[in-house]
Amino acid sequence: MREGALSRPSHAASRVMSSSTPLDPSTPITLVSSQGDEFVVEYDLLRASGVLKRLFASSEAADFEEQRSKVVKLRDISTTILRKIIDYCEYKRAHEHSSKAPPRFQIDEEDAIELLMAANFLDI
């Protein structure tokens, strides 16, 4: 991982889940791809990512620039893959309370490995 990229919290830090002022689910968060493309999404959508959920929920992360600015630069995730991750988060939110089996989420074969690595990094 390149210097300055968002790093995964330590195991001990991942256990801290509460903050003195939790974010409103509609709080806009900006995700920036490695190409510099920005996606503004609601915090509620990002809770599918364990890493981003902990980043914004942890009082131990209060000193992180990402928590103050609400901008997360994902320097190792391309625009195409970040768009697909956001699509998956929307898909998951749309189907999480359904009693029916959700439709198949489509993944292009050529993106599968990169998408798997990004999903693993973001804990999705």
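Fair warning: this is a prediction, and the values are worked out from it, not measured in the lab.

## Digging into helix α6 (residues 112–122)
- Restricting attention to buried positions, one finds in α6 the residues L115, A118, A119, F121 and L122. Taken around the axis of α6, the buried residues stretch over an arc of 160°, which confines them to a single face. Exposed residues lying more than 90 degrees from the buried face of α6 are I113, L116, M117 and N120.
- Along its buried surface, α6 packs onto α3 (50–57) and α5 (79–95).

## Remarks on the packing of aromatic side chains
- Tallied over the full model, the rule gives four aromatic pairs.
- A centroid spacing of 6.2 Å and a plane angle of 75° characterise the contact between Y43 and F56, whose relative ring orientation is edge-to-face. Remark: F56 occurs in helix α3 and Y43 occurs in helix α2 (residues 43–46); sequence separation between them is 13 residues. Side by side, Y43 and F56 carry an identical accessibility label, which is buried.
- Considering the side-chain rings of Y88 and Y91, the 5.8 Å spacing of their centres and the 35° angle between planes classify their relative orientation as tilted. With a gap of three residues between them, Y88 and Y91 both fall in helix α5, about one helical turn apart.
- Clustering of aromatic rings is evident, with ring pairs tying together Y88, Y91 and F105.

## What about the confidence of the model for the chain?
- Mean pLDDT over the chain works out to 84, with 83% of the residues at or above the 70 mark.
- In the model, residues 7–20 has pLDDT below 50 throughout and makes 21 contacts with residues more than four positions away in sequence or in other chains.

## Focus: the pattern of salt bridges
- Considering all chains together, one arrives at seven salt bridges under this definition.
- Measuring nitrogen to oxygen at the nearest pair gives 2.8 Å for the salt bridge that ties D87 to R83. Highlighted residues: D87 and R83, both in helix α5, separated by four residues, approximately one helical turn.
- Between R83 and E90 there is a salt bridge; the shortest N-O distance is 3.7 Å.
- With a relative accessible area of 32%, R83 lands in the partly exposed category.
- Taken together, the shared-partner salt bridges in this structure form one network comprising E42, D44, R47 and R93.

Scoring rules and cut-offs
Residues numbered from 1 in each chain as written. Predicted model: local features only at pLDDT ≥ 70, side-chain atom pairs only at ≥ 80, totals over all residues. Heavy atoms only, no water. Buried < 20%, exposed > 50% of the residue type's maximum accessible area, 1.4 Å probe, protein only. Helix = DSSP H or I, 4+ residues; strand = E, 2+ residues; numbered from the N terminus. Arc of directions from axis to C-beta. Contact = heavy atoms within 4.5 Å. Phe/Tyr/Trp six-rings, centres within 6.5 Å; stacked < 30°, edge-to-face > 60°. pLDDT = per-residue confidence, 0-100. Salt bridge = Lys/Arg side-chain N within 4 Å of Asp/Glu carboxyl O.

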